[in-house]
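The chain contents come next:
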Protein chains: 2
Amino acid sequence: MKELPIHIQLHPEDNKTLYIQIYEYIRDEIRAGNLLQNEKLPSARFLAEDLQVSRTTVDMAYDQLVSEGYLEARPRRGYFVSAYEELNVIDEIPYREMRKPQDKKEEESIRYDFSPNAIDMRYFPYATWKKITKNILVDANSKMFSLGEPQGDLNLRTTICRYLHGSRGVNCEPEQIIIGAGNDYLLLLLEKILGRHVHVAMENPTYIRAYRIFRSCAYPVSLIPMDENGIMVECLRRTDARVAYVMPSHQYPTGISMPIGRRLELLKWAAEEKDRYLIEDDYDSEFRYRGKPLPSLQASDHNGKVVYIGTFSKSIAPAIRISYMVLPYPLLEKYRKECGFYSSTVSRLDQTILNEFIQDGYFERYLNKMRKQYREKHDLILNELKPFEKAFRISGSNAGQHVLLTDVKGRKEEELANMAKEAKVKVYRMQDFRIEKNSDDPAMLLLGYGALSFEEIKEGIALLKKILV
Amino acid sequence: MKELPIHIQLHPEDNKTLYIQIYEYIRDEIRAGNLLQNEKLPSARFLAEDLQVSRTTVDMAYDQLVSEGYLEARPRRGYFVSAYEELNVIDEIPYREMRKPQDKKEEESIRYDFSPNAIDMRYFPYATWKKITKNILVDANSKMFSLGEPQGDLNLRTTICRYLHGSRGVNCEPEQIIIGAGNDYLLLLLEKILGRHVHVAMENPTYIRAYRIFRSCAYPVSLIPMDENGIMVECLRRTDARVAYVMPSHQYPTGISMPIGRRLELLKWAAEEKDRYLIEDDYDSEFRYRGKPLPSLQASDHNGKVVYIGTFSKSIAPAIRISYMVLPYPLLEKYRKECGFYSSTVSRLDQTILNEFIQDGYFERYLNKMRKQYREKHDLILNELKPFEKAFRISGSNAGQHVLLTDVKGRKEEELANMAKEAKVKVYRMQDFRIEKNSDDPAMLLLGYGALSFEEIKEGIALLKKILV
């Protein structure tokens, strides 16, 4: 009987056990075509003697090879290399060169970045957050590490419910709230609830990320112009849209706050057809510097037409991947029926920490502190921008973390942004927020001040003054 | 000049500031129609005197009402109720009764739940996890609380990459890994990468949650029968599917492990067309009790055809909402182009904790401990099930956390499950994992043992023995 030569060099000092070494050697020989289909292997006893290892070691290696399909054990005949034609075939298919995408080019050297998205983390109560986390971990039991409810923990939903009612006039029950890991995720989930091919209306300019999500959901999107009161409902009526995505409290990036009349018009539009809904993105409603913040659009809705979305990423910290969505009852029913199986994307531990942070009043205190900070920066930047008033109309103030500069000298946005860049200051172009661009769009710049210090705001604006005014 | 009567009862001891009380009173009067469109309000000075409050208080209330659109300030004339026709219209639309979904009925009183999904948390190293969290919080800076990379932190991706290569033979670069809050989320993201109307093939029975997700993505799904080596590729070839979702290491719930020959057949199928892909859900590959775990399907793929998905929810704790997906380069390119803007669903803090847990060797140690635990439970349940062998064929062992009982006495699944329920033992029906059911499906029960203690397994099986054997 011809026995195949198996020339295994065993390395007893190796990390790998001997049986793995034998297994890997034979496997690789088969893969390489050195052991051919239907060839017989030496008996386990023979190989064990040959290699000076125990019989069990060889048995384990052979078992493994059989269980992975490389070998076949034929009763009373021994072990054979499997006769799968595909064992070698795979190499005939040309190996496609795996292209690696380019690394993104280096960030330009910018000294002052007036980003409208960045937020100030200098005042974040790290110590408090750590203390809460520690306390929760001390008491944490296995329950805390188990999977929570798909909609989010009831405790946190109840807290959010109260908070939203008190601060934003939102009328809802905890059962209507769905907690998720960020707005992007909630919009993906909402797609599953609303269904396919939903025609969406959006303001133009708008929050580009939301637009991209709708487009990646293959939703047709109609862009609706705005006047000084926000989205123009008569234009909305001329579309087939059945869902409108709006930011009534503080439109991003124009800063427009929608007055009650326009809101009611919008609610009326939604109430006229069973399938119409409004998505209210209340992304930074916490930061308004004069008067009480406007209540939410949802607060005026008596017909279950508003999906209210908010986030703690903006009001606490970007790393807090916790957002919430309030579903009106008709959509809640659809969610339960069709999407209730999607498991929660936020860990219970994180939900518990946030819940205590809010319940113990830290959130409110932090918001108050940040409101004061942002208001002072807001007043500072408006003051520093006074000399700009001959060259720009300044707007979008009283809320949020950025102001708008509209050129009145007929210069181009690109030109203005490039001049700023030369001065190592990054300002943002309104063009980048417009989905549909027109040749007669006014040249506008966004200057965000949220993340900059008072000194940085002064210095950055001083640099801009030299070149733009 | 006629001044409107404003009969506000102010409550200085109230939580609400005086200006809010005035604001709310007037707002509600307008909403109720008691103050009519275009009616003039008392001057701020007059109202302040009348109410015995400061002029500023009334100014603030009026400012708020103007900014919300309830009032209009007409220069040199005073404040008027706005003339929006919609202010009252909204009440004409019938208020739809908001139906609240029923509460789900109470869980039946079950003493022993042989769930195939539940995992044992008794040995989770809570103390270690807490220690790591504390240490990270001590050093945590604002960076830790900022938004991380959309794909997940590079450190964690590098660690996962090494872990997957060492334990599962996965060949990838950290740049191919996407970290997300759970498998459900990653499948939603994958939908955006693969595109719409993707025809998917699945094993039957299969992981129902994945099936539901594909259906909620409106993907047509073809169900492919399995033989003892898993999904039958010749049946797959008879469909138009371009993506197949498979669990080669340990098919859920049948426990079938796909041998190398079948794997290569499957890879060959995928390599034949540019757009074909395999989704490998390697959900509990960590738990195999004889021999070395089979390497992943991805390990044998030389053509960039396998999307590899795994999770820490199963191997660490369900509360750890961290899963990962390895994209082949063609799909990675699509992800970067079309989905790169979706922000990460996992906080940096959680990613950092997990990274240290793995890097410092705790994960490996925990896995070893759990493997031992599960193996002992596995051996125990097989032993306790010996008397069942006259009534059932017992299979699906050697891996995972459940075994399968196939009735050989011609009884019905429902009958068997109900008998168990009477004895206060919950067993699981194979029917619930079959998407397409046939009248000649054998009656099969799933008995999961992962979360039960040794005592509970013994007692539960003893109760079942009395009624099922």
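Refer to the structure printed above.
Residues numbered from 1 in each chain as written. Chains lettered and ligands numbered in written order. Predicted model: local features only at pLDDT ≥ 70, side-chain atom pairs only at ≥ 80, totals over all residues. Heavy atoms only, no water.

**Q** Help me understand the overall build of chain A, please; the structure alone is not making it clear to me.
**A** Looking only at helices and strands, chain A features 16 helices and 17 strands. Dimensions of chain A, computed from the C-alpha atoms along their principal axes, are close to 100 × 50 × 50 Å. Taking all 469 residues of chain A together, 60% fall into the buried category. Taking as baseline every contact in chain A between residues at least 6 positions apart, the subset at least 24 positions apart corresponds to 72%. Surface exposure of chain A reaches about 20400 Å², of which carbon and sulfur atoms provide 47%. For chain A, the separation between the mean place of its 68 positive charges and that of its 68 negative charges on side chains is 5 Å. (Helix = DSSP H or I, 4+ residues; strand = E, 2+ residues; numbered from the N terminus. Buried < 20%, exposed > 50% of the residue type's maximum accessible area, 1.4 Å probe, protein only. Contact = heavy atoms within 4.5 Å. Areas by Shrake-Rupley, 256 points an atom, 1.4 Å probe, with all protein chains shown as cover. Lys, Arg positive; Asp, Glu negative; His and termini not counted. Charge placed at Lys NZ, Arg CZ, Asp CG, Glu CD.)

**Q** Is there a simple way to explain the nonpolar core in this structure?
**A** In terms of nonpolar packing, the biggest core is built from 136 residues, with L447(A) and L447(B) touching the most fellow members. By size, the runner-up hydrophobic cluster in this structure holds 85 residues, among which are L189(A), Y283(B), C339(B) and Y342(B). (Core = buried A, V, L, I, M, F, W, Y, C linked by side-chain atoms within 4.5 Å.)

**Q** For this particular structure, what's the right way to read the pattern of salt bridges?
**A** Pairs can form between side chains of opposite charge once their charged atoms are near each other. One pass over the full model with this rule turns up 40 salt bridges over all chains. Notably, a salt bridge pairs E49(B) with R45(B), separated by 4.0 Å at the nearest N-O pair. Here E49(B) and its partner R45(B) are both found in helix α2 (residues 44-51), 4 residues apart, which amounts to about one turn of the helix. R45(B) carries the same exposure label as E49(B), and that label is exposed. Connected via shared salt-bridge partners are E191(A), K192(A), E191(B) and K192(B). (Salt bridge = Lys/Arg side-chain N within 4 Å of Asp/Glu carboxyl O.)

**Q** How should the packing of helix α2 (residues 44-51) of chain A against helix α3 (residues 55-67) of chain A be read in this particular structure?
**A** Between two packed helices, both the angle of their axes relative to each other and the distance between the axes serve to describe the pair. All names here are of chain A. One way to put it is that α2 packs onto α3 with a least axis distance of 8 Å and a crossing angle of 120°. By the angle class used here, α2 and α3 are oblique. The element α2 and its partner α3 pack so that their crossing is right-handed. Between α2 and α3, the contacting residues are A44, R45, L47 and A48 on the first element and R55, V58, D59 and Y62 on the second. Among the residues making up the contact of α2 with α3, the classes are represented as 5 nonpolar, no polar and 3 charged. (Axes fitted to C-alpha atoms, helices over the stretch in contact; angles between N-to-C directions. Parallel < 35°, antiparallel > 145°, perpendicular 65-115°, else oblique. Left-handed = near helix turned anticlockwise from the far one by under 90°. Nonpolar A, V, L, I, M, F, W, Y, C, P; charged D, E, K, R; others polar.)

**Q** Explain the packing of aromatic side chains here, please?
**A** Each aromatic ring pair is characterised by the separation of its centres together with the angle its planes make. As enumerated under the stated definition, the model contains 39 aromatic pairs over all chains in all. Measuring from centroid to centroid gives 5.9 Å for Y185(A) and Y185(B), while their planes differ by 65°, and the two rings are edge-to-face. A residue pair is termed interchain when its members come from two chains, as with Y185(A) in helix α7 (residues 183-194) and Y185(B) in helix α7 (residues 183-194). You can call Y185(A) buried: its relative accessible area is 4%. (Phe/Tyr/Trp six-rings, centres within 6.5 Å; stacked < 30°, edge-to-face > 60°.)

**Q** Can you walk me through helix α10 (residues 260-271) of chain B in this structure?
**A** In an α-helix, one full turn covers 3.6 residues, which means residues spaced three or four apart are oriented alike. Between its first and last C-alpha, α10(B) extends 16 Å over 12 residues, near the 16 Å set by a 1.5 Å rise per residue. Restricting attention to buried positions, one finds in α10(B) the residues I260(B), G261(B), R262(B), R263(B), L264(B), E265(B), L266(B), L267(B), W269(B), A270(B) and A271(B). (Expected span 1.5 Å × (residues − 1).)

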